[in-house]
Amino acid sequence: MDRVSAFDEPLKKLLGGATAKVMAEHLDLHTVGDLLHHYPRRYEERGRLTALADLPLDEHVTVVAQVADARILMFNNGRGKRLEVTLTDGNGRLQLVFFGHGVHKPHKELLPGRRAMFAGKVSVFNRKMQLAHPTYQLLDAESIDGAEAAEAVDAFAGRLLPIYPACKQMDSWRIAKAVDTVLPSAAEAVDPLPPGLREGRGFTPLPEALLKVHRPQTKADIAQARDRLKWDEAFVLQVALARRRYADTQLPAVARRPRPDGLLDAFDAKLPFTLTEGQRKVSGEIFDDLATEHPMHRLLQGEVGSGKTLVALRAMLGVVDAGGQAAMLAPTEVLAQQHHRSITEMMGELAEGGMLGGSEQGTKVVLLTGSMGVAARRQALLDLVTGEAGIVIGTHALIEDKVQFHDLGLVVVDEQHRFGVEQRDALRSRGNQPPHLLVMTATPIPRTVAMTVFGDLETSVLDQLPAGRSPIASHVVPAKDKPHFLSRAWERVREEVENGHQAYVVCPRIGDDAEDEAAGGKGKKKAPEDDGEKRPPLAVLEIAEQLAKGPLAGLRIEVLHGRMNPDDKDDVMRRFAAGQVDVLVATTVIEVGVNVPNATAMVIMDADRFGVSQLHQLRGRVGRGSAPGLCLLVSEAHEASPARARLSAVAATLDGFELSRIDLEQRREGDVLGQAQSGVRSSLRMLTVIDDEEVIAAAREEAVATVAADPELERLPELRIALDALLDKEREQYLDKG
């Protein structure tokens, strides 16, 4: 068997169809290589028990524990049987429950004093933690018959038990057995690290590292294996990114230097405030990049309200001064219209170049969206091709084939994570030479994530808020435990409106028929965390109606969601911005860029259904004026649940970078390059971007040196193979797009 094919062997061949099918469907493991890279999450020592007090609610766990007692209870007048088993670790306790015909085997086997591994989902019943119908494997040799006994003793005596990321359909120990079957293939592993690097850092050879991570004899084995495997992942990823950056430096671009006394100077002169120190510094970095003859690739990350749009607008004006055009891409029509409005307001007569009453130094700022009328669209396209319009703001409609630019010099992408791979590429191919690129995000990104997810972009950070922004008070409203808290929340909204302010109410769902059908019938859609949840997420249309009839009766309430006609959406936003609407009940379409300084309160319904970063984004819509903001996170989640812990974290800090760390810690199982972001299988299985900053930084340095010395990796065929395996074309392009 050649060096690559052992790892490419389908699992079906070695494990049989049924096991392979479960692994493919539920764990996304298809080949021998996939399974060998499915590393244990942790290890248990045979003699030690899992700490039962710390088990996370609503998660699938594997625990090693001892049976304290077991009893059969009858119910339904003796017609039904239930087996209750209490486990102990010497400190905490955990209840197991088995029903019906499933009680006989565990009743015979789970005797007091016995030890076993148990796997199931942690839930709460009568205020006690429990596992319902868990699967289990006994660990005492005397409790197993014949040949199995010898195997069990061998597998568990004095060994570290690997606990694998598992699922309901496949327990950790069944995964361990499958790994045993494919482990001989580890000897075929292709080592991606250059020999000099491997020897210089004293790393264990890759086949040995794979053996030690799956079947360690000692804790030192685990540490050695982890160190080696983390480095592989970090290094291969950073080589891919270093090659991207190297390739970009080889591309030609037109240097764009603003002319003195041009549009940019005229704009700066009419600004009613001075730039913050952060805005000046970041602008300097951007203008330095624009002055070079290869394309800028810069990520501008800043807190909600830190003035990113102003920095981007100054860059666009500088490019127009230099004779080019600038395009700003927004993820939604609402946001494109909002940007167009705020940019033309900021520029005043400078945005009316060539028009009556416009400034001589000015340029034309056009909007281009999919829902525009034919005449307006034709005029916008004409202004772009003739160069009359220096700045264009739009949605995906900007990158259709029909759109021709006179001389595209800069592309600004707002909220990058909303854009797909092809869209950014298509826009970059619009210029005669590749345009400069500025990516803006209001989602704060820890340094390590910036080095991995956005590793092909230089990073600028705006972390000061402009003067005049108000603090936002945030509170969790436990609607189930304390309904009177929710009543008080609506009173607070009414008080804000009576004081001349406005409020948002955010819901996770629209609540129309089309959505219910898409979700597979009414109420089928639910958050992954809420398996046991019966109620569908709260909906805009239902909540708006309830509020209008109940606690907010008499107030001017409007709804806003993604499935409305674009003109209607814009009309609602205009009226809300003009103060003609008191309460806007909306989906997350208001998450980015919506700027209404008079809106001071936000109530987020079913807040536990949103991620940490999303809640932080939403909250950033209030407190944008001189009055303090209020954000109320309404939740029915259990007090001890991870969801509530997440909400408390959001309520406790306004620091987006701190929250992004918390978000990473909470999502670490999914890993930051996971499917939510990339749409393809993640390559990070051992590396955690939150803990391994030093490894990532060191790997980045080594990768840059490696690529500088050998850009095509001609002298490193093993590294090329690893790069192809980990970063197939689709994934490498994804990395390129962030």
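Residues numbered from 1 in each chain as written. Predicted model: local features only at pLDDT ≥ 70, side-chain atom pairs only at ≥ 80, totals over all residues. Heavy atoms only, no water.

(A) Quick look at the overall build of the protein chain. The helix and strand inventory of the protein chain stands at 28 helices and 21 strands. Burial statistics for the protein chain: of 738 residues in total, 53% are counted as buried. For the protein chain, the computed accessible surface area is about 32,200 Å², with 50% contributed by carbon and sulfur atoms. (Helix = DSSP H or I, 4+ residues; strand = E, 2+ residues; numbered from the N terminus. Buried < 20%, exposed > 50% of the residue type's maximum accessible area, 1.4 Å probe, protein only. Areas by Shrake-Rupley, 256 points an atom, 1.4 Å probe, with all protein chains shown as cover.)

(B) Region of interest: the packing of helix H12 (residues 277-290) against helix H13 (residues 308-321). Relative to each other, H12 and H13 sit at 35 degrees, their axes nearing to 10 Å. As for how H12 packs across H13, the hand of that crossing is right-handed. When H12 is examined against H13, the residues Gln279, Val282, Ser283, Ile286, Phe287 and Leu290 are found in contact with a partner set consisting of Leu310, Val311, Arg314, Ala315, Gly318 and Val319. Class assignment for the residues of the contact of H12 with H13 results in 8 nonpolar, 3 polar and 1 charged. (Axes fitted to C-alpha atoms, helices over the stretch in contact; angles between N-to-C directions. Left-handed = near helix turned anticlockwise from the far one by under 90°. Contact = heavy atoms within 4.5 Å. Nonpolar A, V, L, I, M, F, W, Y, C, P; charged D, E, K, R; others polar.)

(C) How the structure looks around the environment of Ala722. The residue Ala722 is located in helix H27 (residues 717-726) in this model. Judged by relative accessible area, Ala722 falls into the buried class, the value being 14%.

(D) Representation of the pairing of strand S21 (residues 629-635) within the structure. With 7 of its 7 residues buried, S21 lies for the most part within the structure. Of the two faces of S21, the one carrying Gly629, Cys631, Leu633 and Ser635 and the one carrying Leu630, Leu632 and Val634 are both buried. Here strand S16 (residues 472-478) pairs with S21 via 7 bridges, running parallel. Its bridge partner lying in S21, Val476 is registered against Leu633. Two strands pair when backbone bridges link them, and strand S20 (residues 599-604) and S21 are joined in this way by 4 bridges, in the parallel orientation. Each bridged residue has a counterpart across the sheet, and for Ile604 the counterpart in S21 is Leu633. (Pairing = 2+ DSSP bridges.)

(E) A look at the packing of aromatic side chains. One pass over the full model with this rule turns up 5 aromatic pairs. When the centroid spacing of 5.7 Å and the interplanar angle of 50 degrees are considered together, the rings of Phe203 and Trp231 count as tilted. In this pair, Phe203 sits in the loop between helix H8 (195-200) and helix H9 (206-214) while Trp231 sits in helix H10 (residues 219-249), placing the two residues 28 residues apart along the sequence. By the burial criterion, Phe203 is buried, and Trp231 matches it. Aromatic side chains Tyr504 and Phe576 sit 5.1 Å apart centroid to centroid with 55 degrees between the ring planes, which places their arrangement in the tilted category. Placement of Tyr504 in strand S17 (residues 502-506) and of Phe576 in helix H21 (residues 566-577) is noted, with a sequence separation of 72 residues between them. You'll find Tyr504 and Phe576 in the same group, each marked buried. The structure contains a cluster of three or more aromatic residues connected by ring pairs, namely Phe98, Phe118 and Tyr136. (Phe/Tyr/Trp six-rings, centres within 6.5 Å; stacked < 30°, edge-to-face > 60°.)

(F) Local environment of the pattern of salt bridges. Throughout the structure, instances matching the rule amount to 34 salt bridges. With a closest N to O distance of 2.9 Å, Asp582 and Arg556 form a salt bridge. Here Arg556 lies in the loop between helix H20 (540-549) and strand S18 (557-560) and Asp582 lies in the loop between H21 and strand S19 (583-586), a separation of 26 residues in the sequence. The buried category is assigned to Asp582, whose relative accessible area is 9%. (Salt bridge = Lys/Arg side-chain N within 4 Å of Asp/Glu carboxyl O.)

(G) Structural detail: the sheet that holds S16. One open sheet holds the 6 strands; their spatial order is S16-S21-S20-S17-S19-S18, and the pairing between them is parallel. In this open sheet, the two strands that pair with only one neighbour each are S16 and S18. The average undirected angle you get between the axes of adjacent strands in this sheet is 20 degrees. Pairing between S17 and S20: 5 bridges, direction parallel. Note that in S20 the partner of Val506 across the bridge is Ile604. Lying on the sheet, H21 is in contact with S17, S18, S19 and S20; it crosses S18 at an angle near 140 degrees. Against the sheet, helix H22 (residues 612-619) engages S16, S17, S20 and S21, with an angle of about 150 degrees to S20.

(H) The nonpolar core, seen in detail. One finds Met316, Met347, Ile391 and Leu410 to be the most contacted residues of the largest nonpolar core, which totals 39 residues. Each residue touching Leu410, except ones within four places of it in the same chain, is listed here: Leu290, Met296, Ala315, Met316, Val319, Gln325, Ala326, Ala327, Pro435, His436, Leu437 and Leu438. Counting residues in hydrophobic clusters, the runner-up holds 33 residues, among them Ala6, Met170, Val182 and Leu183. (Core = buried A, V, L, I, M, F, W, Y, C linked by side-chain atoms within 4.5 Å.)

(I) Just the confidence of the model for the protein chain, in detail. Summarising the model, the protein chain shows a mean pLDDT of 81, and 81% of its residues fall at 70 or more. Per-element confidence in the protein chain is highest for S17, whose mean pLDDT is 95, and lowest for helix H25 (residues 675-678), whose mean pLDDT is 34. Note on residues 732-738: pLDDT under 50 across the span, and 29 contacts to partners over four residues away in sequence or across chains. (pLDDT = per-residue confidence, 0-100.)

(J) Representation of the sheet that holds strand S15 (residues 458-462). Across the sheet, which stays open at both edges, the 7 strands sit in the order S11-S12-S10-S13-S14-S9-S15 with parallel pairing between neighbours. Bordering the open sheet on either side are strand S11 (364-368) and S15, each of which pairs with just one other strand. Each neighbouring strand pair of the sheet contributes to a mean axis angle of 20 degrees, computed without reference to strand direction. Pairing geometry for strand S9 (residues 297-302) and strand S14 (residues 436-441), over 5 bridges, is parallel. From the neighbouring strand, Leu300 faces S14, where its bridge partner is Met440. Together, strand S10 (325-329), S11, strand S12 (389-394) and strand S13 (408-414) form the strand contacts of helix H14 (residues 333-347), whose direction differs from that of S11 by roughly 170 degrees.

(K) The arrangement of the side chain of Arg377 in detail. Tracing the sequence through the fold places Arg377 in helix H15 (residues 374-386). If we skip the residues at most four places from it in the chain, Arg377 touches Leu368, Thr369, Met372, Ala397 and Glu400.

(L) Representation of H20 within the structure. Every buried residue belonging to H20 is among Val540, Ile543, Ala544 and Leu547, and all of these are buried. Along the axis of H20, the buried residues cluster in a sector spanning 100 degrees; they form a single face. Here the buried face of H20 lies against helix H18 (483-498), S17, S18 and S19. (Arc of directions from axis to C-beta.)

(M) Main features of unusual backbone geometry. Positive phi values are uncommon outside glycine, yet Asp261 reaches one of about 55 degrees. Inspection of the secondary structure puts Asp261 in the loop between H10 and helix H11 (263-270).

(N) Structural context of helix H3 (residues 17-27). If you check which residues of H3 are buried, you get Ala20, Met23 and Leu27. Buried residues in H3, looked at end-on, bunch into an arc of 85 degrees, giving them a common side. Residues Ala18, Lys21 and Glu25 are exposed on H3 and point more than 90 degrees away from its buried face. The first or second residue beyond H3 is Asp28, which carries a positive phi of 60 degrees.

(O) Region of the structure containing the pairing of strand S3 (residues 80-88). Counted residue by residue, S3 has 7 buried out of 9 residues, so it is predominantly covered. Relative to S3, strand S2 (residues 60-75) is paired through 9 bridges, and the arrangement is antiparallel. In the sheet register, Val67 faces S3, and the bridge partner there is Leu87. Judged from the 7 bridges that link them, S3 and strand S4 (residues 93-99) form a sheet pairing that is antiparallel.

(P) Representation of the packing of H22 against helix H23 (residues 642-652) within the structure. Contact geometry of H22 with H23 gives a least axis separation of 10 Å together with a crossing angle of 40 degrees. Considering the relative orientation of H22 and H23, their crossing is right-handed. On H23, the residues touching Val612, Leu615 and Arg619 of H22 are Arg646, Leu647, Val650 and Ala651.

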